[in-house]
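# Summary of structural features
Now for the letters of each chain:
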Amino acid sequence: MTAPMSASARIPAIDVLRGCAVMGILWMNITAFALPQPAYFDPAASGHTGVADIAFWCVSLALVDGKMRALFAMLFGASMLLLIDREEMAGRDGTRTHLIRVGWLFVIGLAHYLLLWWGDILMVYAIVGVAALSFVRRPPMALVKTAFFFFLLHFLLVAGFMASIYAWHHSAAAPDASAATRESYAAFIASLTDPTSPAILTEIATYRSGFATIFLHKIGHFPGEWFWGFLFTGLDTLGFMLLGMAMLKGGFLTGRWSADQYWRTARHCFLIGLLPMAALATWVIASGFDALPAYGTALAWSFPFRIPLAVGWASLILWLLTRHRDHPMVPRIAAAGRLALSNYLATSLVMTALFDGWGLGLFGHVRPALLPLFILPGWAAMLFWSLPWSRRFALGPAEWLWRSLCNGRPQKIRKSS
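First, a word on what this report is: a plain description of the structure on this page. Note that the coordinates shown come from a computational prediction; the quantities given were computed from them, not determined experimentally. (Residues numbered from 1 in each chain as written. Predicted model: local features only at pLDDT ≥ 70, side-chain atom pairs only at ≥ 80, totals over all residues. Heavy atoms only, no water.)

## Some words on the overall build of the protein chain
Counting its regular elements, the protein chain contains 19 helices and zero strands. Dimensions along the principal axes, computed over C-alpha positions, put the protein chain at roughly 70 × 45 × 40 Å. Looking at the 417 residues of the protein chain, the share that counts as buried comes to 52%. Of all intrachain contacts in the protein chain linking residues separated by at least 6 positions in sequence, the fraction that spans at least 24 positions is 79%. Carbon and sulfur atoms make up 69% of the accessible area of the protein chain, which totals about 17600 Å². One way to put it: in the protein chain the 31 positive side-chain charges average out to a point 14 Å from where the 20 negative ones average out. (Helix = DSSP H or I, 4+ residues; strand = E, 2+ residues; numbered from the N terminus. Buried < 20%, exposed > 50% of the residue type's maximum accessible area, 1.4 Å probe, protein only. Contact = heavy atoms within 4.5 Å. Areas by Shrake-Rupley, 256 points an atom, 1.4 Å probe, with all protein chains shown as cover. Lys, Arg positive; Asp, Glu negative; His and termini not counted. Charge placed at Lys NZ, Arg CZ, Asp CG, Glu CD.)

## Some remarks on unusual backbone geometry
The step from Phe222 to Pro223 runs through a cis peptide bond, and the omega angle for that step is 10°. Inspection of the secondary structure puts Pro223 in the loop between helix 10 (211–221) and helix 11 (224–231). Here the phi dihedral of Phe289 falls at roughly 60°; this positive angle occurs in a residue that is not glycine. Locating Phe289 in the fold gives a position in the loop between helix 13 (259–286) and helix 14 (291–301).

## Here we look at the nonpolar core
Among the nonpolar cores identified, the biggest contains 103 residues, and Ile30, Tyr125, Phe240, Leu242 and Phe355 are the most heavily contacted of them. At 15 residues, helix 1 (residues 12–34) tops the list of elements feeding residues into this core. (Core = buried A, V, L, I, M, F, W, Y, C linked by side-chain atoms within 4.5 Å.)

## Brief notes about the packing of aromatic side chains
Enumeration according to the criterion identifies 33 aromatic pairs in this entry. Residues Phe222 and Trp226 carry aromatic rings whose centres are separated by 6.1 Å and whose planes lie at 50° to one another, so their mutual orientation is tilted. By relative accessible area, which is 25% here, Phe222 ends up partly exposed. One aromatic cluster in this structure is built from Phe106, Tyr113, Phe222, Trp226 and Phe230. (Phe/Tyr/Trp six-rings, centres within 6.5 Å; stacked < 30°, edge-to-face > 60°.)

Structure follows, in structure tokens:
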């Protein structure tokens, strides 16, 4: 997400990238909307490991998981620079404007978390966006080097966490292990993979309940649960924001590269990233979806390959854009990108209405293989409503709210006739 810009300040390539990203976010999040949290990492936790279920997991792991969030973070970093530059060119304090906007973004994210869905990313972007301010003046290569420094820190953090779980595993398996150690480890593993475990059954019961029960559950788990989520996403998000700044300064994100440059970058990035991801998926499947390989792959071992794959997606999208600028889908995708915040929040509203107990209560009832039946209509809805709305209105509903809060008064939303 980013602060809404005026129509004259928009960069079409960034709008298209953001539109693709918000659509990809739905694919990334659908498992967490529909199933217990562990099913996001391991389909065994859903109770379904058929061929189609595993295929959906493989595609999600290799192509989507973490890549769309990374793409959003890159665009957020780039848009920070655009916002600050625009404000300073107008004689205003760009840093102050950015801080006000991320402050209100945090408030919107908190409301999103409490009222709709626990998987909010807006609060993470808001906090990390403050930290990223320290780097906006750096040249592109310095930004790239700093980004990879934060990527390294993130990998060391998640790898260290996985090492502690492996140590716990060996401790519980030792002949002299206490009964308490063995029981606690067994309960932890069951909570990750066993659909009949108390932890997973409790989560299913909670999200099949009414709005008040779900709301109180999230109140009770915030900020502890959110802090752990931030801990495992903050550093890599900062890295991708800095990478996005470098890519903007180098002309990559503005569509100024040639089609051949974008194609070669996409080809190299996917070759670097996809083969190791396929190997990791094969390892998890061969283990019978054992908790340690599955959880470790999703959390840590796949991360180094997320970086080239995120850049590869951006390159592929921009290659397609440079070759097919006049395709009728381009303005629809760009419009979805201009309304990214509205589409993101609307997705949570619709999906929680479908899956949570205050709506249709489908939570835990839909197997992974059937989740594309919810993704495709979601994409169609974004593409259907965003363009007509953008033709009549200067801002999306959520973008209008955000800008009005930042400016302290309601903003004009209709375009001048």
